[in-house]
Amino acid sequence: MLPKWFTDWNRDKPVDIYGPAVLVGAVGGAVLVAALLISAGQPFKTKSMQTGPRGTGMVQPEFVSEVTATDPTIANYYSDEPFPVSADDPRASEVYENVQVLGDLTEDNFNRLMAAITQWVAPEQGCAYCHGNGGIETYASDDLYTKVVSRRMIEMTQNINEAWAGHVQANAEVGVNCYTCHRGQNVPSEIWFRQTPLGDTMEGWGAVQNRVTVQSQYTSLPSDALETYLLSDGPIGVHDFQSHVDARPWQEDTATWQDAERTYSLMNYVSNSLGVNCTFCHNTRAFYDGGQVTPQWATESLGIAMVREMNQEYLVPLQDVYPEIRLGPLHGDAPKAACKTCHKGYQQPMQGLNVIGDWPELATTGSPVYD
């Protein structure tokens, strides 16, 4: 027996034969697709990492095709093993003039590192990018800003590997070097400049939000999160859970709803930088509770503090060294780093490739230890 709706349709619309056919076809197709998904499973393989108690949504699902895909920048990574070191080998400071940072390296290992930095930062320009075209007799000169900046970046890299091992060596001894950020480019991708206020039509809170920007990860969230938390020492937190609390927003250490939105903006940036979701670090039962977080929370907290130090101690002070073309378009500020400058969408930069094993010269501020 035919269903009542079909009988009524034939009585009321005897010449319209396509309506029932489309409806039956759509429903039948949906049922077929559902049956295939149930019997065959997810058409694209996924893998997941459990970060917290089951049943709380604390899992990091990823498509296998994306997990197994190699970071394309790894193919161009250059590395070379150190030369054997003897106590009688001449040191770089004895052979060359004005070697302020790497003077205790042997001549061979000094030149080996210089060749690597050239490949990591300026593969097209070569040595001339920092030393100019005047020949080797001019290499001691500090006339080019690129050489002055490079020297300071070497010191920053050594400090990161030595003082922030809890972040860059959290999962394995991999470290960072110049290529971690630069990836063969003179200027690393994912650097940032101050850009608030976002316009001249508003002041106050309205001047930092409701505009789609890179800093807000193309959302309407506040665009000053990076400068508040990764440049200044703004406290990361959200407002009180109770309404009508006895607090004054202008008082120090009082979290407001503006602080909450700014915190969400930072967390969104961090998630996109590492290619993870919130439960990579936080427990869904209590996002606010530091006692219920995952181990990754501590690693990320160190990373935030590390980036803040990089900006405050190494990058911002170079503002007067850079030419105008390298400064920010709105405030003329120096380029700064953030999580994505190194991670570029991966949980670990360069998918956890050990970039310090061949370069003990960049692993410490003291004399390198060669195996």
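The structure under discussion appears in the preceding block.
Cut-offs and rules
- Residues numbered from 1 in each chain as written.
- Predicted model: local features only at pLDDT ≥ 70, side-chain atom pairs only at ≥ 80, totals over all residues.
- Heavy atoms only, no water.
- Phe/Tyr/Trp six-rings, centres within 6.5 Å; stacked < 30°, edge-to-face > 60°.
- Helix = DSSP H or I, 4+ residues; strand = E, 2+ residues; numbered from the N terminus.
- Lys NZ or Arg CZ within 6 Å of the ring centre and 35° of its normal.
- Salt bridge = Lys/Arg side-chain N within 4 Å of Asp/Glu carboxyl O.
- Buried < 20%, exposed > 50% of the residue type's maximum accessible area, 1.4 Å probe, protein only.
- Contact = heavy atoms within 4.5 Å.
- Disulfide = S-S within 2.5 Å.
- Expected span 1.5 Å × (residues − 1).
- Axes fitted to C-alpha atoms, helices over the stretch in contact; angles between N-to-C directions.
- Parallel < 35°, antiparallel > 145°, perpendicular 65-115°, else oblique.
- Left-handed = near helix turned anticlockwise from the far one by under 90°.
- Nonpolar A, V, L, I, M, F, W, Y, C, P; charged D, E, K, R; others polar.

Trainee: Describe in detail the packing of aromatic side chains, supporting the description with residues and values.
Mentor: On inspection of all chains with the given rule, the structure shows 5 aromatic pairs. Ring plane angle 55° and centroid distance 5.3 Å describe the contact between Tyr77 and Tyr179, whose orientation is recorded as tilted. Of this pair, Tyr77 sits in the loop between helix H3 (64-67) and helix H4 (92-95) while Tyr179 sits in helix H9 (residues 178-182), and the two are 102 residues apart along the sequence. Site record: aromatic cluster; members linked through ring pairs are Tyr77, Trp120, Tyr179 and Trp359. Over the aromatic face of Trp192 sits the side chain of Lys336, whose NZ or CZ is 5.1 Å from the ring centroid.

Trainee: So, the pattern of salt bridges: which residues are in play, and what are the values?
Mentor: It is possible for side chains of opposite charge to pair when their charged atoms get near one another. In total, this model carries 10 salt bridges according to the counting rule given. A salt bridge links Arg194 to Glu227; its shortest N-O distance comes to 3.6 Å. Residue Arg194 is found in the loop between H9 and helix H10 (225-229), and its partner Glu227 is found in helix H10; the two are separated by 33 residues along the sequence. Among the residues examined, Glu227 registers a relative accessible area of 14% and is labelled buried. Across the salt bridge formed by Lys336 and Asp333, the nearest N and O atoms sit 2.6 Å from each other. Look at Lys336 and you get buried, because its relative accessible area is 2%.

Trainee: Can you lay out the environment of Leu330 for me, pointing to particular residues and giving the numbers?
Mentor: Inspection of the secondary structure assignment puts Leu330 in the loop between helix H12 (295-315) and helix H13 (339-343). Sequence separation of Leu330 and Thr196 is 134 residues, and the distance between their C-alpha atoms is 8.6 Å. The residues contacting Leu330, other than those within four sequence positions of it, are Arg194 and Gln195.

Trainee: Would you mind going over the state of the cysteines in detail, with residue names and values included?
Mentor: Evaluated as defined, the whole model comprises 0 disulfides. Cys181 takes part in no disulfide bond, and the closest cysteine sulfur, belonging to Cys342, lies 3.2 Å away. Classification of Cys181 as buried rests on a relative accessible area of 15%. Distance from the sulfur of Cys339, which forms no disulfide, to the nearest cysteine sulfur (Cys342) is 9.0 Å.

Trainee: Any details on unusual backbone geometry? Residues and values, ideally.
Mentor: Peptide bonds are, in most cases, trans, and in most cases residues other than glycine have a negative phi. Following Thr196, the chain continues into Pro197 via a peptide bond in cis, with omega recorded as 5°. By the secondary structure assignment, Pro197 is in the loop between H9 and H10.

Trainee: Outline helix H11 (residues 257-274), supporting the account with residue identities and numerical values.
Mentor: Over its 18 residues, H11 extends 26 Å from the first C-alpha to the last, a length consistent with the 26 Å expected when each residue adds 1.5 Å. Every buried residue of H11 is accounted for by Asp259, Ala260, Arg262, Thr263, Ser265, Leu266, Tyr269, Val270, Ser271, Ser273 and Leu274. Each element contacted by the buried residues of H11 is listed here: H10, H12 and H13.

Trainee: Which residues make up the packing of helix H7 (residues 145-163) against H12, and what are the values?
Mentor: Packing of H7 against H12 brings their axes to within 11 Å, and their N-to-C directions diverge by 150°. Judged on the interaxial angle alone, H12 and H7 are roughly antiparallel. By crossing handedness, the relation of H7 to H12 is classed as right-handed. Contact residues: Arg152, Met153, Glu155, Met156, Asn159 and Ile160 in H7; Met306, Glu309, Met310, Glu313, Tyr314 and Leu315 in H12. Partitioning the contact of H7 with H12 into residue classes produces 7 nonpolar, 1 polar and 4 charged.

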